[in-house]
Amino acid sequence: MMDITNFMQMLDNQLQELLEKHPLLYGRHDPQQSRAAEFAKDRAFIMWCLLHLPDYPDIEIQEAIDAIIDGAEDKGIDAIYVPEKGKKILVMQTKHRRKPQGEGIKKNDLIQLINGVEWLLEGDLSTIGNSQFRARAEEFREAYQSFEYECVKIVFAATVEHGLSGEVQDEIDAALKKFQKRGTRFDIEILTVEKLMQLFITQVHQSFSLSIHLTLQGTPYLYEGGAARALIGTVKGVELAKLFDEHQYRILAANIRSFLGNVKINKGIQATARDQNESEFFWFYNNGVTFVCDEFSFRSLNDTTVKLDNAQIINGAQTISSLWQVWQESQSALQNINVVVRIIEKKGDIDFRRKVTLFTNSQNAVLQSDLVGTDTIQIELKRRLLEMGYYYEIRRGDYRSEREYLESKEIVIQDTFTLKFAAQALATFFEQLPALAKSQTVKLFLSQEDGGYYDKIFSPQTKPLHLILAITALRRASQIRDLITGEEVGGSKTEWLPKGHDTPPIWLPHADYFIAALIGYRHFNLSYVNDQSYLERFASWLKSDENTLKESYKYLIEILYRTIEGKENQYGYSHPKFFKNQSEYNRLKQEIKQVYLD
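Numbering of residues begins from 1 in every chain and follows the order in which that chain's sequence is written. pLDDT decides what is reported in this predicted model: residues at 70 or higher carry local features, side-chain atom pairs at 80 or more are listed and counted, and totals for whole chains, interfaces and linings draw on all residues regardless. The side-chain values count all of the structure's non-hydrogen atoms but skip hydrogen atoms and water molecules.

**Description of the overall build of the protein chain**
Heads up, the condition is: Secondary structure elements are defined from DSSP: runs of H or I of at least 4 residues count as helices, runs of E of at least 2 residues count as strands, and each element is numbered from the N terminus. The classification of residues rests on relative accessible area computed with a 1.4 Å probe and restricted to protein chains. Under 20% of the type maximum is buried, over 50% is exposed, and intermediate values are partly exposed. Accessible surface is estimated by sampling points in the Shrake-Rupley manner with a 1.4 Å probe; for residues, cover comes only from the protein chains shown. All tallies of charge rest on Lys and Arg as positive and Asp and Glu as negative; His and the ends of each chain are not included. Every charge is mapped to an atom, namely NZ of Lys, CZ of Arg, CG of Asp or CD of Glu.
Looking only at helices and strands, the protein chain features 24 helices and 13 strands. Taken over the C-alpha atoms alone, the protein chain extends approximately 90 × 75 × 40 Å along its principal axes. Sorting the 598 residues of the protein chain into buried and exposed places 52% on the buried side. Per element, the accessible surface of the protein chain, about 28300 Å² overall, is 46% carbon and sulfur. Averaging the locations of the 71 positively and 82 negatively charged side chains of the protein chain gives two centres separated by 3 Å.

**A few points about the side chain of Thr 184**
This is how the line gets drawn: Any two residues whose heavy atoms approach within 4.5 Å are treated as being in contact.
As for its placement among the helices and strands, Thr 184 is situated in the loop between helix H6 (166-180) and strand S4 (186-191). Given a relative accessible area of 12%, Thr 184 falls into the buried group. When sequence neighbours within four positions are dropped, the list of residues in contact with Thr 184 reads Tyr 144, Phe 147 and Phe 179.

**Observations regarding the nonpolar core**
Quick note on the threshold: Throughout this description, the term nonpolar core refers to a set of buried Ala, Val, Leu, Ile, Met, Phe, Trp, Tyr and Cys residues connected via side-chain atoms within 4.5 Å.
Among the nonpolar cores identified, the biggest contains 111 residues, and Phe 7, Trp 48, Leu 50, Tyr 392 and Phe 458 are the most heavily contacted of them. At eleven residues, the largest contribution of residues to this core is made by helix H19 (residues 464-485). Ignoring any residue separated from it by four or fewer positions in sequence, one finds Tyr 392 in contact with Gln 378, Leu 381, Lys 382, Leu 385, Phe 417, Thr 418, Leu 419, Ala 422, Phe 458 and Leu 467.

**Considerations on the sheet that holds strand S6 (residues 228-236)**
We apply this condition: Each pair of strands is called paired provided DSSP finds at least two bridges between the two strands. For helices, the fitted axis covers only the stretch in contact; all axes are lines through C-alpha atoms, and the angles between them, taken along N-to-C directions, range from 0 to 180 degrees.
With respect to topology, seven strands assemble into an open sheet ordered S8-S9-S5-S6-S11-S7-S10, the strand pairing being mixed. The open sheet is flanked by strand S8 (295-297) and strand S10 (312-315), the only strands paired with a single partner. Each strand of the sheet is rotated relative to its neighbour by a mean of 35°, with strand direction disregarded. The pairing of S8 with strand S9 (residues 305-309) spans three bridges and is classified as antiparallel. The residue of S9 that forms the bridge with Ser 297 is Lys 307.

**Topic: the sheet that holds strand S1 (residues 79-81)**
In space, the four strands of this open sheet follow the order S1-S2-S3-S4, with mixed pairing throughout. Each end of this open sheet is capped by a strand with a single partner; those strands are S1 and S4. Adjacent strand axes in the sheet meet at a mean angle of 15° when their direction is disregarded. Its contacts with the sheet place H6 against strand S3 (151-158) and S4, and it is angled at close to 155° to S4.

**Overview of the packing of aromatic side chains**
Centre distance and the angle of the planes are the two values used to describe a pair of aromatic rings. For clarity, the threshold we go by: For Phe, Tyr and Trp, where Trp contributes only its six-membered ring, two rings pair if their centres lie within 6.5 Å, and the inter-plane angle classes them as stacked under 30 degrees, edge-to-face over 60, or tilted in between. Comment: the charge-over-ring label is applied if NZ (Lys) or CZ (Arg) is within 6 Å of the ring centre and within 35 degrees of the ring normal.
A complete count under the given rule lists 34 aromatic pairs for this structure. Consider the rings of Phe 7 and Phe 200, whose centres lie 5.8 Å apart with planes at 50°: the pair is tilted. One end of the pair, Phe 7, is in helix H1 (residues 4-21); the other, Phe 200, is in helix H7 (residues 193-205), and 193 residues separate them in sequence. Here Trp 507 and Phe 579 contribute two aromatic rings whose centre-to-centre distance is 6.1 Å and whose plane-to-plane angle is 35°, an arrangement assigned as tilted. With a gap of 72 residues between them, Trp 507 in the loop between H19 and helix H20 (512-523) and Phe 579 in the loop between helix H23 (575-578) and helix H24 (582-589) connect regions that are remote in the sequence. Here the two residues Trp 507 and Phe 579 agree in accessibility, since each one is buried. By way of ring pairs, the aromatic residues Phe 429, Phe 430, Phe 524, Tyr 528, Tyr 534, Phe 538 and Trp 541 are connected into one cluster. The ring of Phe 296 has Arg 229 lying over it, and the distance from NZ or CZ to the ring centre is 4.1 Å. The ring of Tyr 555 carries Arg 522 above its face, with NZ or CZ at 3.9 Å from the centroid.

**Description of helix H21 (residues 532-544)**
Using the following cut-off: One less than the number of residues in a helix, times 1.5 Å, gives the span that helix is expected to have. Throughout, the arc means the angular range of directions from the helix axis out to the C-beta atoms.
Its 13 residues give H21 an end-to-end C-alpha distance of 18 Å, which sits within 8% of 18 Å, the value for a rise of 1.5 Å per residue. Here H21 has its buried residues at Tyr 534, Leu 535, Phe 538, Ala 539, Trp 541 and Leu 542. Down the axis of H21, the buried set is contained in an arc of 155°. They therefore lie on one face. Exposed residues lying more than 90 degrees from the buried face of H21 are Lys 543 and Ser 544.

**Some details on the packing of helix H4 (residues 107-122) against H6**
To characterise two packed helices, one gives the angle between the axes of the helices and the distance between these axes. Heads up, the condition is: Any angle from 65 to 115 degrees is called roughly perpendicular, while one under 35 is roughly parallel, one over 145 is roughly antiparallel, and all others are oblique. Each residue gets one label: Ala, Val, Leu, Ile, Met, Phe, Trp, Tyr, Cys and Pro are nonpolar, Asp, Glu, Lys and Arg are charged, and the others, such as Gly, are polar.
One way to put it is that H4 packs onto H6 with a least axis distance of 9 Å and a crossing angle of 10°. Compared by their axis directions, H4 and H6 come out roughly parallel. Residue-level inspection shows Lys 107, Leu 110, Ile 111, Ile 114, Val 117, Glu 118 and Leu 121 of H4 in contact with H6, the latter providing Glu 167, Val 168, Glu 171, Ile 172, Ala 175, Lys 178 and Phe 179. Its residues assigned to classes, the contact of H4 with H6 comprises nine nonpolar, no polar and five charged.

**Points about a nonpolar patch on the surface**
Quick note on the threshold: Exposure above 30% relative accessible area and the lack of any salt bridge qualify a residue for a patch; like charges then connect within 9 Å, and the nonpolar side chains Val, Leu, Ile, Met, Phe, Trp and Tyr within 5 Å. A side-chain nitrogen of Lys or Arg and a carboxyl oxygen of Asp or Glu constitute a salt bridge if their distance falls within 4 Å.
Judged by side-chain polarity, Phe 281, Trp 283, Phe 284 and Tyr 285 come together as a nonpolar surface patch covering roughly 450 Å² of accessible area. Within the fold, Phe 284 resides in helix H10 (residues 282-285). Judged by relative accessible area, which is 61%, Phe 284 ranks as exposed.

**With respect to a negative patch on the surface**
Together, Glu 60, Glu 63, Asp 66 and Glu 84 make up a negatively charged patch on the protein surface. Within the secondary structure, Glu 63 sits in helix H3 (residues 61-67). Judged by relative accessible area, Glu 63 falls into the partly exposed class, the value being 34%.

**What about the packing of H19 against H20?**
So the rule is basically this: By convention, the crossing between two helices is left-handed when the near helix turns anticlockwise from the far helix through less than a right angle, and right-handed when the turn is clockwise.
At a minimum axis separation of 8 Å, H19 and H20 run at an interaxial angle of 125°. By the angle between their axes, H19 is oblique relative to H20. Seen along the crossing, H19 lies across H20 with a hand that is right-handed. Contact residues: H19 offers Ala 473, Leu 474, Ala 477, Ser 478 and Arg 481, while H20 offers Asp 512, Tyr 513, Ile 515 and Ala 516. Its residues assigned to classes, the contact of H19 with H20 comprises six nonpolar, one polar and two charged.

**Digging into helix H5 (residues 131-146)**
Under the 1.5 Å per step criterion, the end-to-end length of H5 is 23 Å for 16 residues, consistent within 8% with the ideal 22 Å. Of the positions making up H5, those classed as buried are Phe 133, Arg 136, Ala 137, Phe 140, Arg 141, Ala 143 and Tyr 144. Along its buried surface, H5 packs onto H3, S1, strand S2 (88-95), H4, S3 and S4. Just downstream of H5, Phe 147 is the residue with a positive phi angle, here 60°.

**Focus on the pairing of S9**
Alternating residues of S9 divide into Val 306 and Leu 308, all buried, and Thr 305, Lys 307 and Asp 309, none buried. Looking at chain direction, strand S5 (residues 212-225) and S9 are connected through four bridges and run antiparallel. Within S9, the position partnered with His 213 by the bridge is Lys 307.

**A few points about the side chain of Asn 286**
Put simply, the rule reads: Identification of polar contacts relies on pairs of N or O atoms within 3.5 Å, with a donor-acceptor requirement for protein atoms, meaning one able to donate a hydrogen and the other able to accept it, and with residues adjacent in sequence counted only if both atoms are side-chain atoms.
Within the secondary structure layout, Asn 286 lies in the loop between H10 and strand S7 (289-293). There is a polar contact of 2.6 Å between the side chain of Asn 286 and the backbone nitrogen of Gly 288. A polar contact is formed between the side chain of Asn 286 and the side chain of Thr 319, at a distance of 3.1 Å.

In structure tokens form, the structure reads like this:
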């Protein structure tokens, strides 16, 4: 579960990403100067807030940049955004504190923002020399005076721990009372670091905002559970098939797995659906489908067409996709099939959704890696890697489900890899745990509290390039091994072996993880682990600098030869055991001479 420290690191990553994509945020400042970088990061934070406010889901990147007006004569205002008519005019001030702990909303900052809004309403715009501010202020004044907008929304967003003190709340109440006398609605919202974190998590996890309708058969059961409520009823199988046909994998975005294909359970679901004698009992045989949504609504329990806002299926992915496959074969095949559905309403609580997802998924075996596939860190890594042309499959079945959509958007994928393989590669290369990565993968997805390494392997500091580099190293070890152990006699294969060895060692097929880890240990300078240019240079070296890599590979193979020769005659020794033993790897490292790549 994400905490404030993790969020601040991920926020910093995103601000840096915004600066790389939009250098205009530096203004006239030199990006090479540290003070300029800090100034630009504060401006990036303004942009980040604009892009994450739920009242403005359609704001474009350029609109967000144009809305920023900080600088001289800004009247304590950082951004003014005038959306389409009928929506909320936004006035915002931000404070980007690097360390939220112990910090709070300062009364004087809020007063300055409120005074700035009052000036926007009736100040002399001609006195402003800041052209960007003046242009936005003129837009605000014109929109406000048109009476064609829902309200004026005033937002104070700050990465501070403490929110409203009594005196700050008094200022808000007094300001609202004064503003309401003008005959237009005003809202004031304070966003502390906790609220900003929730906005971030919500946006990351809600890739698709889907509103759907379900027609329930008979009278459903409504359960009121305090902060949440649920509706349990029956839906025609053909309706679920059509629902999946319309939304495809987008309706499964919150599930811990996408459609897994023709696995045993799905074959069973499809066989029952096709069987004329058995299909009428489908309701009894199947666990059904569970939806979560922000809100569901209906006219009455006797006429139940239910509308679900921001709906997702969190259990039943295999059921609905299997029914869709049968329906594709014959659209009359599902006429006798009814399916039990459960609709759960709880707005914006991602942790609650994840718990429901976990506890309701039991019909198929749940792997430990499935449980972290919906982690915020994983979803964010997937997004950033996709922008770089890599498909990171964080849930089983994702790529099969999303491939058609990616092709329709003309998104070119240069490589794909899974969450499990990425975890193995990271643990091997950076954490130097090749034996564990090879043979105890379940520990890669357990928290440190539960005796695992997930928190170390995947932290807020984990960058897409870390995954690319680690995977490149592990794949390179496998490629060289394939070359050496291939059927071709002599030639280039012997060039990778130490002097005096003309045939590949019998243990080499077991050694990929050890060799990838040793390459990292010998050549990668961990002091540059967060240096993007160094990461790119190292990955390029692995792929293309065959001569120096070849010499290093022969050096490592020679050390492995000597070590294994001294152990082969020991009682109980076997090559598989040796390469699954982390202690053996740690002893090997002591013999390695480190030669860092510059």
